Structure formats: C-alpha cells, structure tokens
Amino acid sequence: METLGTIEQPIGLAVIGYGGMGSYHAWKILEQLSGKITLIGVYDIREVRQEAAREKGIYTFPSREALLSDPRVELVTVATPNDSHKEIVLNALHHGKHVICEKPVTIASSADLEEMIAAAEQAGRLFTVHQNRRWDPDYLTAKEILEGNPLGRVFNVESRVHGSRGVPGDWRALKATGGGMLLDWGIHMLDQMLTLNEHRKLLSLYAQLTYVTCDEVDDGFRVFCRFENDLTFMVEILTSNFIELPRWYILGENGTAIVKNWGRDGEIVKVSDWENRESVPVQAGVGITKTMAPRTNDTIQRYPLPLPAGDWLEYYHNIFDVIRCGAPPIVTHNQQRRLMKLIEAILTSGEENRVVTFAEGL
Ligand SMILES: NC(=O)c1ccc[n+]([C@@H]2O[C@H](COP(=O)([O-])OP(=O)(O)OC[C@H]3O[C@@H](n4cnc5c(N)ncnc54)[C@H](O)[C@@H]3O)[C@@H](O)[C@H]2O)c1
C-alpha cells in the first residue's frame with residue numbers, strides 16, 4: 001500500500017452511519033485523537049441522525065457521494081448495518097479512500113471478503129475491520145495467562161458472554177440485514193479466540209445456534225473448537241441468561257484461572273503439591289467421594305489475576321502509522337479471512353448438526 005501525506009499531517013476522517021457505533025467513533029476521534037486524526041464530518045441516511053450530529057457541532061455531508069468526493073477525507077469509517085458494509089466499502093475504495101469497516105465486514109461470505117480485499121489491493125488503500133475487543137481488559141488478562149503459562153499446559157478455555165435481553169429489535173433481528181448474535185457478539189469473541197491461537201491450527205468444531213427469543217436469526221450460539229496440541233476452546237454467546245457464568249474459565253495441568261467479568265474479578269488457583277493425592281471421603285449428595293473432595297489449603301495456592309493495561313486508541317494510532325508510515329495493520333486481511341471461514345463453518349455445523357473438520361487445519 002502506498003503511503004500518503006507527512007507524519008505531521010492529521011488524517012481527515014469521515015464516518016458513514018451516525019448511529020450508536022458511528023457516533024462513538026466520531027466522539028472518540030474528536031475527544032482523543034485530534035492530533036492524528038481529524039473528523040471532517042459524517043453522513044447518515046436518516047435526517048434525524050444528521051440532526052443529532054449537527055447538534056454536537058459535527059459537519060454533516062448532504063450525501064454519501066459528497067462525503068466520498070471531498071478531497072479532505074482520506075479515511076472512511078463505515079458504521080452502518082451489516083448488510084450494507086460491502087457496497088459502501090467498495091464505493092469508498094473506488095473513490096480512493098482508506099477504509100475501516102465495522103464488524104462483520106460482510107454477512108458471512110468469504111467470496112464477498114475476497115472481493116473487498118481485491119478492491120483495496122487494486123486501489124492501494126487500507127481496508128481493515130474494527131476489532132476493538134482485542135483491547136478489552138478481560139481479554140488482555142486471559143491473553144497474559146495463556147502466554148505467560150502460569151497454569152502449565154492449558155487444555156481447555158471457555159469464553160462466555162451472557163445477557164438476558166434477547167436480540168435487539170432493530171436490524172439485528174433480521175436475517176436480510178445481517179442480524180443475529182453470531183455476527184454481532186460472536187465475531188468479536190471468535191476474533192479473540194483466533195488471535196489467542198494465531199500460531200495454532202484449528203482442527204475441528206461443533207456449533208449449536210439458539211433461537212429462544214427470535215425465530216429469524218440466532219439469539220446465541222456455542223461452539224466447541226479443537227485446536228492442535230489438544231486444546232479445546234469453547235465460545236458461548238447467549239441472551240437468555242438471567243444468571244451469568246464467568247467471562248473466562250481456563251484449565252491448565254497445574255491450575256485453573258477464572259475471570260468472572262469485564263471488571264476482572266477472579267483469581268488463579270494452582271496446585272502446590274501434586275503428589276499429595278490423599279483425601280478423605282466427603283459427603284456428596286446422597287453419596288460420598290474421595291475423587292471430588294475439595295482441595296485443602298495446604299495443597300493449593302491462590303494468586304491474583306494479572307491486570308495488564310491496554311488502550312483501544314492504539315487501534316487508531318496504528319491506522320495513522322499504516323497510512324502515513326507504511327506500518328503493518330494490526331487487523332490483517334489474513335486474520336479477516338480466517339475469521340470469515342470460521343463463521344461459515346459454524347453456520348454449516350449449526351445448520352447440519354455435525355462436526356466440521358479442517359483437513360489442513362484452519
Ligand atoms: N465494534 C463494536 O464494538 C461495535 C458495537 C456496536 C455496533 N458495531 C457495528 O457497527 C455497525 C452499526 O451498528 P450500530 O449499533 O451503530 O447500529 P445503529 O442502527 O445504531 O446505527 C446504524 C446507522 O446507520 C445508518 N444507515 C443505515 N444505512 C445507511 C447508509 N446506507 N448510509 C448511511 N447511513 C446508513 C442508520 O440510519 C443508523 O443511524 C454494525 O455493523 C455493528 O455490527 C460495532
């Protein structure tokens with residue numbers, strides 16, 4: 001990709017779609033990135049949202065064409081409903097703009113993604129996706145546990161997000177607009193799983209999609225993934241859970257880690273004496289057990305969770321470095337490809353109720 005402009009020159013950005021997430025991008029850029037990225041304006045198809053932007057002092061373009069034809073706009077963030085991403089991204093690339101697209105970049109088609117990547121390569125422009133949850137504190141904690149190896153060989157990871165409100169009643173509830181939780185929350189949590197296993201191949205998966213509160217699109221799913229080196233990784237997004245399970249549950253040969261929530265309550269418990277297997281029988285229900293008797297404090301040690309710091313603004317700082325200095329993007333085309341293939345396999349598994357295997361690994 002060719003680099004344009006000097007590093008003293010802020011990048012002019014415009015946002016297409018000034019809804020929940022588009023206004024978040026615009027606000028963050030205005031508040032925290034103005035030295036590197038300047039918000040030129042926004043465009044939303046609905047006048048009520050244009051008016052909302054003007055009330056915040058943000059310039060609104062009269063049309064998408066006007067936004068894309070403005071030479072001050074070098075970079076476009078697309079934050080419209082999922083089904084419109086592909087067409088808008090291609091349109092922006094054809095106008096010579098760099099593009100950040102909200103997730104999912106397309107509604108589950110690798111062919112669409114390839115078309116978008118080819119258009120970006122032909123235009124010599126950045127095309128990337130907003131995977132902001134790579135900076136979530138709970139994820140960074142899980143990442144540090146997996147990379148720092150305090151538990152010994154990890155053989156099981158469970159990543160869950162539970163809500164109790166079903167699918168929101170907007171475009172997220174419609175198939176045609178790319179609704180459903182797999183494409184909404186799933187795409188974040190699956191991206192996290194793949195980035196945690198960047199160098200480990202996915203061998204097979206089995207997925208179940210749920211339709212508890214909605215017939216048209218999934219309101220949740222769970223997928224069991226088997227990676228190389230006997231790692232099982234489960235991702236579960238559900239929206240009918242009035243009692244939540246922990247955000248992360250990680251099992252290693254020598255201990256367990258629990259990250260209970262986004263606020264990172266939790267702990268690591270490690271065995272301090274594996275040899276001491278003696279236990280006395282305890283009452284368990286109507287029976288007794290030695291096998292499942294709880295550990296006594298002399299054979300385990302408790303540790304606080306690591307709390308690494310992270311800053312989502314790094315995402316936009318990287319975008320600046322890519323465009324001005326030719327740095328590699330944090331979210332790459334190959335990562336997007338892998339994620340899209342994973343989503344396709346989950347849909348196949350869910351629809352056909354079968355295990356999907358990847359002969360060469362994914
Ligand atoms: N990364 C994240 O954390 C995150 C969080 C929420 C949403 N999102 C993503 O952001 C996108 C938008 O979601 P949202 O929650 O902001 O939805 P939203 O419904 O609040 O906003 C979408 C906006 O796009 C406008 N719009 C629709 N079609 C348009 C078009 N052709 N041209 C211009 N404007 C158009 C709508 O009028 C609306 O204001 C989705 O892809 C969603 O998946 C990402």
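Thresholds, definitions, all that
Residues numbered from 1 in each chain as written. Predicted model: local features only at pLDDT ≥ 70, side-chain atom pairs only at ≥ 80, totals over all residues. Helix = DSSP H or I, 4+ residues; strand = E, 2+ residues; numbered from the N terminus. Buried ≥ 20, exposed ≤ 12 C-beta atoms within 10 Å, placed from the backbone. Contact = placed C-beta atoms within 7 Å. Near = placed C-beta within 6 Å. Nonpolar A, V, L, I, M, F, W, Y, C, P; charged D, E, K, R; others polar. Domains from an automatic or database assignment. Pairing = 2+ DSSP bridges. Axes fitted to C-alpha atoms, helices over the stretch in contact; angles between N-to-C directions.

Caption draft 1: Structural context of the overall build of the protein chain. Scanning the protein chain for helices and strands turns up nine helices and 16 strands. Projected onto its principal axes, the C-alpha positions of the protein chain cover 75 × 45 × 45 Å. For the protein chain, with 362 residues in total, the buried portion stands at 38%. Taking all contacts inside the protein chain whose residues are at least 6 apart in sequence as the whole, residues at least 24 apart take part in 70%.

Caption draft 2: Quick look at the site of the ligand. Taken together, 24 residues lie around the ligand, and Gly17, Gly19, Gly20, Met21 and Glu102 are the ones closest in. For the shell around the ligand, the leading source of residues is helix H1 (residues 20–32), giving three residues. Split into classes, the residues belonging to the shell around the ligand amount to seven nonpolar, nine polar and eight charged.

Caption draft 3: Geometry of the environment of Gly35. Mapped onto the secondary structure, Gly35 falls in the loop between H1 and strand S2 (37–43). Its 9 C-beta neighbours within 10 Å are what place Gly35 among the exposed residues. Sequence separation between Gly35 and Ile11 is 24 residues; the distance between their C-alpha atoms is 9.0 Å.

Caption draft 4: Structural view of the domain arrangement of the protein chain. By the assigned domains, the protein chain splits into domain 1 (11–130) and domain 2 (134–311 + 342–356). If you average the C-alpha positions of domain 1 and of domain 2, the two centres end up 33 Å apart. Taken together, the contact pairs eight residues of domain 1 with 10 residues of domain 2. For the side of domain 1 that touches domain 2, the per-class residue count stands at four nonpolar, two polar and two charged.

Caption draft 5: Fine view of the sheet that holds strand S5 (residues 127–129). What the five strands build is an open sheet, ordered S2-S1-S3-S4-S5; its pairing is parallel. On the outer flanks of this sheet lie S2 and S5, each paired with one strand and no other. Strand-to-strand, the axes of this sheet are offset by a mean angle of 20°, without reference to chain direction. Judged from the six bridges that link them, strand S1 (residues 11–16) and S2 form a sheet pairing that is parallel. Bridge pairing in S2 links Gly12 to Thr38.

Caption draft 6: Focus on unusual backbone geometry. Between Lys103 and the following residue, Pro104, the backbone shows a cis peptide bond with an omega angle of -15°. Residue position: Pro104 is located in the loop between strand S4 (98–101) and helix H5 (110–123). Positive phi is not limited to glycine here, since Asn149 has a value of about 65°. Within the element layout of this structure, Asn149 appears in the loop between helix H6 (137–148) and strand S6 (154–162). With 12 C-beta atoms counted inside 10 Å, the residue Asn149 sits in the exposed group. If you check the backbone angles, Arg264 has positive phi at about 65° while not being a glycine.

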